[in-house]
Amino acid sequence: MSERIKVYQQVLSEIQRLIKEDGYLPGNKLPSERQLSLQLDAARSSVREALRAIELLGIIETRQGEGTYLRDYQTYHAVELLASFVLQDSQIQVELQQAKRVLENHVLSIDSLSDQQLRRLMEILDNSSLSKEEKHHQFFLAFFKANGNQLLLKIWCLMQDFSENIEQDVYPDQYYYDMVKKYKKTIE
């Protein structure tokens, strides 16, 4: 790895650390390239390159004559950018669907659903205005939220976002009803 790439990566990591540690919020102005260069003891060109990379991900925006500001970051910005590169390989598409299926089939422990949560799942399944893909998305989103594990929820949401950029993999209708039925029995 060249020295230039190492410096760029270090600067990128330091900028991310500053944003996190200094508590920057969407709309806050970041230090100028010159200030960051001095603060991080790095060449301005390395700082500029790192800022461009963060801007491509939609995390910051540069306003001509005003400076650089932290944006209201949404996962889908990164997903759209990454999906266009990552999902070109058909093997990766297959592996993504397999990994998503594993998560979906092992999402909850036996006693994780309340009566209210079960009713919500049935409302989703019985909603005829939703497409199969929308039902799948809303159904598992409700399941992962009910689980309470934020990491699993975020991983599944990221995989789901990627999956929306390829042909959707959904289960037969009975699969969803069987899942609800399974958890309903365990609560009674």
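In case you missed it, the structure is sitting above this.
An account of the accompanying structure is given in this report.

### Let's talk about the pairing of strand β2 (residues 67–70)
For step 1, the next point in the chain: With 4 bridges joining them, strand β1 (residues 60–63) and β2 adopt antiparallel strand pairing. Pairing of I60 across the sheet is with L70, part of β2.
For step 2, the next point in the chain: The loop that links β1 with its antiparallel partner β2 comprises 3 residues; one of these, G65, has a positive phi angle of about 80°.

### Focus on the packing of helix α5 (residues 90–105) against helix α7 (residues 132–147)
For step 1, the next point in the chain: Packing of α5 against α7 leaves a shortest axis separation of 11 Å and a crossing angle of 50°. As far as their axial angle goes, α7 and α5 are oblique. As α5 packs across α7, the resulting crossing turns out to be left-handed. Residues K100, L103 and E104 of α5 lie in contact with α7, whose contacting residues are H136, F140 and F144.
For step 2, the next point in the chain: Of the residues belonging to the contact of α5 with α7, the class tally is 3 nonpolar, 1 polar and 2 charged.

### Some points on the nonpolar core
For step 1, the next point in the chain: Residues L113, F139, F140, F143 and F144 are the most contacted members of the largest nonpolar core, which totals 23 residues.
For step 2, the next point in the chain: Those elements that provide at least two residues to this core are α5, α6 (115–126), α7, α8 (150–163) and α9 (173–187).
For step 3, the next point in the chain: Among the elements that make up this core, the one with the highest residue count is α7 (5 residues).
For step 4, the next point in the chain: Listed in part, the 17 residues of the second largest apolar core include I15, L40, A42 and I60.

### Quick word on the pattern of salt bridges
For step 1, the next point in the chain: Applying the stated criterion to the full structure yields 7 salt bridges.
For step 2, the next point in the chain: For E14, the salt bridge goes to R17, with nearest N and O atoms at 2.7 Å. One end of the pair, E14, and the other, R17, are both in helix α1 (residues 3–21), 3 residues apart, so they sit about a helical turn from each other.
For step 3, the next point in the chain: Given the relative accessible area of 28%, E14 is considered partly exposed.
For step 4, the next point in the chain: Given the relative accessible area of 31%, R17 is considered partly exposed.
For step 5, the next point in the chain: With a closest N to O distance of 3.7 Å, R120 and E123 form a salt bridge. Taken together, the residues span about one helical turn, with R120 and E123 both in helix α6 at a distance of 3 residues.
For step 6, the next point in the chain: The network of salt bridges with shared partners includes E14, R17 and E21.

### Description of the packing of aromatic side chains
For step 1, the next point in the chain: A complete count under the given rule lists 11 aromatic pairs for this structure.
For step 2, the next point in the chain: Judged by centre distance (5.1 Å) and plane angle (80°), the ring pair of F139 and Y176 falls under edge-to-face. Residue F139 is located in helix α7, and its partner Y176 is located in helix α9; the two are separated by 37 residues in the primary sequence. Each member of the pair F139 and Y176 is classed as buried.

About the thresholds
Residues numbered from 1 in each chain as written. Predicted model: local features only at pLDDT ≥ 70, side-chain atom pairs only at ≥ 80, totals over all residues. Heavy atoms only, no water. Pairing = 2+ DSSP bridges. Helix = DSSP H or I, 4+ residues; strand = E, 2+ residues; numbered from the N terminus. Axes fitted to C-alpha atoms, helices over the stretch in contact; angles between N-to-C directions. Parallel < 35°, antiparallel > 145°, perpendicular 65-115°, else oblique. Left-handed = near helix turned anticlockwise from the far one by under 90°. Contact = heavy atoms within 4.5 Å. Nonpolar A, V, L, I, M, F, W, Y, C, P; charged D, E, K, R; others polar. Core = buried A, V, L, I, M, F, W, Y, C linked by side-chain atoms within 4.5 Å. Buried < 20%, exposed > 50% of the residue type's maximum accessible area, 1.4 Å probe, protein only. Salt bridge = Lys/Arg side-chain N within 4 Å of Asp/Glu carboxyl O. Phe/Tyr/Trp six-rings, centres within 6.5 Å; stacked < 30°, edge-to-face > 60°.

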